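Architecture at a glance
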Amino acid sequence: MGPAIAHLFLSSGFGDDRLAVSIEARKERGEGYSSAKGFFRQYELYYVVADERDVVRVRTNYRKDPPEDVYVYPLRVPRENIRRVFLEYVHKMNALRERPEFYNTLTTSYTTAILMNTRVNPDYLHFSWKVLLSCYTPAYVYESGRIDRSLPFEELQRRSLVNSACQAADQAPDISRGIRAGLPGPASR
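Summarised in this report is the structure supplied together with it. As the structure is a computational prediction, the values presented were derived from the model and not from experiment.

Regarding a nonpolar patch on the surface
Side chains of Phe39, Phe40, Leu106, Phe127, Trp129, Leu132, Leu133 and Tyr136 sit close together on the surface and give an oily, nonpolar patch of about 810 Å² of accessible area. By the secondary structure assignment, Phe39 is in the loop between β2 (17–26) and β3 (44–51).

Some points on the packing of aromatic side chains
Scanning all chains against the criterion turns up ten aromatic pairs. Their ring planes at 10° and their centres at 6.2 Å tell us that Tyr71 and Tyr73 sit as a pair that is stacked. Classification of Tyr71 by relative accessible area gives partly exposed; the value is 33%. Three or more aromatic residues joined by ring pairs make a cluster, and in this case those are Tyr71, Tyr73, Tyr142 and Phe153. In this arrangement the basic side chain of Arg26 is found over the ring face of Tyr46, its NZ or CZ atom lying 4.2 Å from the centre. In this structure, Arg149 is placed above the aromatic ring of Tyr142, and the distance from its NZ or CZ to the ring centre is 5.1 Å.

What about the pattern of salt bridges?
Per the counting criterion, the structure on display carries 16 salt bridges. A salt bridge links Glu31 to Lys37; its shortest N-O distance comes to 3.3 Å. A relative accessible area of 32% means that Lys37 is categorised as partly exposed. Asp174 serves as the salt-bridge partner of Arg177, at 3.7 Å between the closest nitrogen and oxygen. We classify Arg177 as partly exposed; its relative accessible area is 48%.

Examining the sheet that holds β2
Spatially, β1-β2-β3 is the arrangement adopted by the three strands of the open sheet, whose pairing is antiparallel. With partners counted over all chains shown, the strands left at the sheet margins are β1 (10–14) and β3, one partner each. Along the sheet, successive strands turn relative to each other by an average axial angle of 25°, direction set aside. As defined by bridge partners, β1 adjoins β2 across five bridges and the pair is classed as antiparallel. When the bridges of β2 are listed, Phe14 appears paired with Asp17.

Cut-offs applied
Residues numbered from 1 in each chain as written. Predicted model: local features only at pLDDT ≥ 70, side-chain atom pairs only at ≥ 80, totals over all residues. Heavy atoms only, no water. Patch = residues over 30% accessible without salt bridge, like charges linked within 9 Å, V, L, I, M, F, W, Y side chains within 5 Å. Areas by Shrake-Rupley, 256 points an atom, 1.4 Å probe, with all protein chains shown as cover. Salt bridge = Lys/Arg side-chain N within 4 Å of Asp/Glu carboxyl O. Helix = DSSP H or I, 4+ residues; strand = E, 2+ residues; numbered from the N terminus. Phe/Tyr/Trp six-rings, centres within 6.5 Å; stacked < 30°, edge-to-face > 60°. Buried < 20%, exposed > 50% of the residue type's maximum accessible area, 1.4 Å probe, protein only. Lys NZ or Arg CZ within 6 Å of the ring centre and 35° of its normal. Pairing = 2+ DSSP bridges. Axes fitted to C-alpha atoms, helices over the stretch in contact; angles between N-to-C directions.

Next comes the structure, spelled out in structure tokens:
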């Protein structure tokens with residue numbers, strides 16, 4: 001969708017397994033995505049809950065037009081914050097079942113919805129233009145200290161690209177472990 005737009009999603013670990021939640025615009029069969037149409041109640045908002053293997057691998061191993069780069073950034077936040085956000089996701093999914101909402105490119109997108117869900121934490125990140133131009137969101141989170149800062153961001157980003165690792169581990173049941181094996185930072189060890 002262009003160099004300034006990236007699709008972000010969160011993964012949570014449960015022992016050796018990881019559950020990924022991707023907030024998306026529901027498209028009808030044969031319908032493409034349009035940021036412009038996203039301003040005008042053309043898509044319903046929904047949450048995709050899947051094994052991380054499915055959500056990451058579809059982007060690294062199967063989508064080719066255009067090819068997608070996937071980066072994994074382990075967060076450095078208190079475990080209680082992660083728990084609260086995960087429960088907020090569950091609450092939001094249940095609420096959407098009762099009261100569907102429209103996706104909105106500006107106010108209720110995959111990135112702004114993540115930010116809104118994190119507001120259950122006392123030290124949540126505040127709104128920034130880097131959330132709207134979502135390819136800048138990882139740098140914003142890095143600047144806040146919520147991603148390991150032992151490397152300059154450009155080097156961290158280079159090392160956090162997991163496409164090759166995911167392609168190599170394609171059918172492995174422990175793909176999440178494989179893509180994290182070489183990630184920088186103490187959270188990945």
